[in-house]
Structure formats: C-alpha cells, structure tokens
Amino acid sequence: MIEFPQAAPRIAKLTALSIGVALLATACGGTSTPSSTGTTSAAAGIACPAPGAGAGATNTQAAGSTGPVPASTTTTATALKIGSLLPTTGSLAFLGPPEIAGVNLGIKEINDAGGVLGKPVEVIHRDSGDTKTDIATQSTTALLGQGVSAIVGAASSGVSKTVINQITGAGVVHFSPANTSPDFTTWDDKGLYWRTAPSDVLQGKVLGNYMATCGAQTVGMIVLNDAYGTGLAKNVKAAFEAAGGKVVAEELFNEGDSQFSSQVDKVIAAKPDAIALITFDQAKSIVPLITGKGVKPTQMFLVDGNTSDYSKDFKAGTLKGAQGTIPGTFAKDTFKKLLLAIDPALKDYSYAGESYDAVNLIALAAEAAKSTKGTDIAAKLKDVSQGGEKCSTFPSCVTLLRNGKDIDYDGQSGPVTFSDAGDPTEAYIGIYEYQDDNTYKPLKEEFGKL
C-alpha cells in the first residue's frame with residue numbers, strides 16, 4: 001500500500017479572491033454527518049472544517065402573491081415554445097433526469113397558472129448526447145425547425161460550444177442550466193446566451209480554497225481535456241496555489257478514452273495530499289484505480305461533473321468521506337417532493353433548480369416583453385432578475401408583472417442576478433460528503449459573488 005506524506009498540521013492561508021468569494025460555511029439542517037470531533041477525518045493530515053452551526057442556505061422563498069393570477073392584458077398569436085437540449089445518453093446522462101424534471105415542473109406550474117400571454121407553454125425535449133457524437137447538432141436543428149423561442153441546455157459546456165452559434169444565429173435564446181465554462185462570458189452570442197449555473201471561476205475558487213482549508217499542501221489532478229475540465233482545473237489550481245499549496249501533478253485525458261492507468265500512476269507517483277477528479281462519468285473507472293493504489297477516499301475531491309450516486313457501481317465504503325462540489329444551493333425537501341411528483345425515479349437533484357429557474361425566467365421575460373420572440377425575451381431576462389419586488393414562483397412573479405410592478409426573481413438555485421453577459425453574478429456552491437453506501441449528502445454551502 002502506498003502511503004502519502006503527512007501534511008503539516010495547519011490550515012492553509014486564505015487569500016482575498018478577485019471575485020470576492022465569501023465563505024459562508026453553513027450546516028444543512030442536520031442532513032450532514034460530521035464525525036464526533038467535528039471534522040471529516042482523513043489520511044495524510046487532511047481534516048476538513050466542520051459545518052457551521054447555521055440553519056442552512058439563505059435561499060428562502062419570497063412569499064409573493066397567493067391569490068388568483070390576473071389574466072394577461074396582452075395575448076400572443078404565437079404560443080411560447082421552449083425546447084430542451086439535455087443529456088439522456090452520453091457521459092453526462094446522469095444529469096438528464098433532474099434537469100428534465102426541473103424543466104417539466106416549471107412548465108407545469110406556468111401552465112397551471114394560465115400560461116404565458118394567454119396561451120399554454122409547449123415544451124419539446126431532445127437529447128444532447130455528449131461531444132463524442134453529433135446528437136446535439138441534430139437535436140438543435142429539429143428544435144429550431146419546430147419554432148422554439150428558447151432552448152434550455154446543454155448540460156455540457158463542450159456540447160453547448162458545438163451549437164451556441166447555431167442557436168443564437170437563429171435569434172433563439174440559448175439558456176443553459178449547467179454550463180460552467182468561463183469561455184461563455186465573452187462569447188459573441190448577440191445577447192442571446194444565458195445561464196443559471198455560475199462560471200467555474202467560482203466553483204474553482206471555492207474548491208481550491210476548500211482543499212487548502214482541509215490541510216492539503218499538495219494536490220494532484222486528473223482532468224477531462226475539454227472546455228469544462230481544463231477551465232475548472234485552471235481556476236482550482238490558481239486558488240489552491242494562491243492559498244499556499246502546490247499542484248504537483250495535472251494529468252489530462254480525452255472524451256472517449258477508456259484507459260486511465262497512465263494518468264493515475266503519474267498522479268500517485270507525485271504523492272499529493274489530495275486528488276481532485278475533474279471528470280464526467282469516467283470517475284467510475286478512475287476511482288477504483290486510485291483506491292486500488294492505497295489512496296483513501298477522504299483524500300479525493302470530486303466536482304459537479306462526477307458527484308453522483310455510485311451505490312450500484314462500487315462496493316460499500318469505496319467513497320466514504322470523499323467530497324464533491326456542485327454549483328447551486330441544496331435542493332430543499334419541498335422542492336424535492338415536487339420534482340418526485342414529476343419523476344418518481346429521481347435519485348439526484350443536480351441542476352434541477354437551475355433548470356426550473358431557467359424555464360421560469362424565460363416565461364417571465366416573455367411576459368415582461370409582451371412577446372414570445374427570442375430576441376425580445378433575451379432583452380428582458382436581466383430586468384426580471386434584479387431591482388424589483390422579490391418573488392420566487394411564476395404565479396407570484398407574473399401577478400406582480402401584470403399589476404405593473406418590476407420584479408426580482410430569486411429561484412430554487414439561489415439568488416439569480418444576471419450580468420450583462422448573461423452570467424449569474426452571485427451563487428452558492430454546495431459541498432457534499434459521500435456516505436458508506438457511496439451516495440452523497442449535503443455538508444455545507446459556500447456563497448460567492450462574481
């Protein structure tokens with residue numbers, strides 16, 4: 001068995017972050033399971049800080065209107081039609097069910113409230129696949145051919161890059177609930193690209209600093225060589241090294257690769273205190289290789305692309321104590337119940353809130369614009385996300401709009417306030433801890449502004 005070096009018993013210094021990350025480590029209402037010492041114990045001197053004594057994330061829902069929704073004073077000849085481009089196949093297929101459930105829940109609540117501009121909203125679902133296929137292009141062509149005003153997806157930044165020009169070039173809103181590549185912030189998208197997931201500038205800063213607070217002085221990384229993987233790795237590395245640590249190995253692999261022994265061996269040879277896995281479902285192959293070399297699961301840190309339910313993939317205890325980050329606030333029990341009513345088979349809730357919020361924001365922007373045209377919707381998305389009266393559901397928000405009020409939508413994914421580039425300017429990053437059955441539970445949340 002390989003033993004990693006004992007890290008010095010210190011908490012690494014935290015530097016001031018250029019994006020202003022405020023670490024608000026709050027407990028998740030008793031759902032986490034810290035050890036009796038108040039820390040997550042680990043080999044190699046890693047001891048992550050215990051959750052604080054707070055009551056959880058402050059994404060409380062604004063009350064809004066509880067009365068009947070007033071009828072729209074403007075009706076549309078063309079009903080709002082929303083397409084979804086979300087993964088049901090490929091390396092991110094595990095994200096498809098919660099995202100699709102979030103979309104469908106949003107559509108249901110909108111139509112239960114009377115729809116948009118006097119007509120029910122229609123949704124058309126298509127598979128995005130992954131970057132190994134051309135499914136996304138074919139699905140996008142089909143959606144545009146059916147006259148959608150907005151497309152929710154893709155989950156993968158790499159996939160979105162293959163279709164963003166096709167979507168925005170058609171004057172259609174491209175709205176991703178899960179793209180995190182920083183590249184989209186400066187993309188020439190004609191003002192039509194938006195997202196509810198924060199850029200990996202934020203997730204990278206949080207993860208890099210969190211590993212430092214756990215006492216790691218050295219980190220090895222295994223990274224998917226695409227827009228998502230390399231972008232996130234760059235920000236993790238910058239934050240970790242700014243906090244006094246050193247990345248001693250960074251091994252890349254490509255989408256479609258099936259052998260990872262070389263990357264694992266090189267990272268293990270560098271003897272890092274911790275290992276960050278920035279992958280998609282390739283983690284199913286990589287994790288056993290790492291643990292087979294004697295690495296403790298408590299030395300592993302996952303990200304949103306692979307923080308998933310592995311209860312059917314690994315033997316009990318394989319991931320116990322490993323931690324992962326997912327952008328967005330923890331899904332609350334009431335929201336989970338609503339999602340389960342849509343899809344009783346759901347096991348993960350990753351990006352369900354972001355998908356739900358994307359649909360609501362598109363619908364509210366259409367109401368504010370009094371139009372279902374994609375460019376008109378895009379022109380109002382920032383307005384409905386900030387500066388007005390707080391609301392958190394379509395019925396409450398559309399009631400305010402129809403009564404002539406300005407609104408500020410805050411959703412299930414947390415506060416949603418857009419920049420001119422269509423990025424969230426503030427967000428939560430959830431930190432999760434794996435249990436003995438290889439499922440994960442919320443541990444703490446950290447809040448940051450971009």
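Scroll up for the structure.
Note that the structure is predicted; figures quoted are calculated from it, not measured.

Topic: the state of the cysteines
Going through the model one piece at a time under the given rule, you end up with two disulfides. Put simply, Cys-48 and Cys-214 are joined by a disulfide, and their sulfur atoms are 2.0 Å apart. Looking down the S-S bond of the Cys-48 and Cys-214 bridge, the torsion is 110°, so its handedness is right-handed. Placement of Cys-48 in strand S3 (residues 47-48) and of Cys-214 in the loop between helix H4 (200-213) and strand S9 (218-224) is noted, with a sequence separation of 166 residues between them. Owing to a relative accessible area of 1%, Cys-48 belongs among the buried residues under this scheme. Across a sulfur-sulfur distance of 2.1 Å, Cys-391 and Cys-397 are joined as a disulfide pair. Since a negative S-S torsion denotes a left-handed disulfide, the Cys-391-Cys-397 link at about 110° is right-handed. Exposure remark for Cys-391: the relative accessible area of 0% places this residue in the buried category.

Looking at the pairing of strand S10 (residues 246-253)
Two elements, S9 and S10, share seven bridges in a ladder whose sense is parallel. Bridging across to S10, Val-223 finds its partner in Leu-252. Read from S9 through helix H5 (residues 227-242) to S10, the crossover connection turns out right-handed.

Side note on the sheet that holds strand S5 (residues 122-127)
Here we have five strands laid out as an open sheet, ordered S5-S4-S6-S7-S8, and parallel in their pairing. Looking at the sheet topology across the chains shown, the edges are occupied by S5 and strand S8 (193-195). Neighbour-to-neighbour, the strand axes of the sheet open up by a mean angle of 20°, direction not taken into account. In this structure, strand S4 (residues 81-86) lies alongside strand S6 (residues 150-153), joined through four bridges in parallel fashion. Considered in S6, the bridge of Gly-83 is made with Ile-151. Along the sheet, helix H2 (residues 135-145) contacts S4, S5 and S6; its crossing angle with S5, the most-contacted strand, is approximately 160°. Sitting on the sheet, helix H10 (residues 374-384) touches strand S7 (173-176) and S8, and the angle it makes with S7 is about 45°.

Cut-offs applied
Residues numbered from 1 in each chain as written. Predicted model: local features only at pLDDT ≥ 70, side-chain atom pairs only at ≥ 80, totals over all residues. Heavy atoms only, no water. Disulfide = S-S within 2.5 Å. Helix = DSSP H or I, 4+ residues; strand = E, 2+ residues; numbered from the N terminus. Buried < 20%, exposed > 50% of the residue type's maximum accessible area, 1.4 Å probe, protein only. Pairing = 2+ DSSP bridges. Right-handed = clockwise from strand over helix to strand, strands pointing away. Axes fitted to C-alpha atoms, helices over the stretch in contact; angles between N-to-C directions. Contact = heavy atoms within 4.5 Å.

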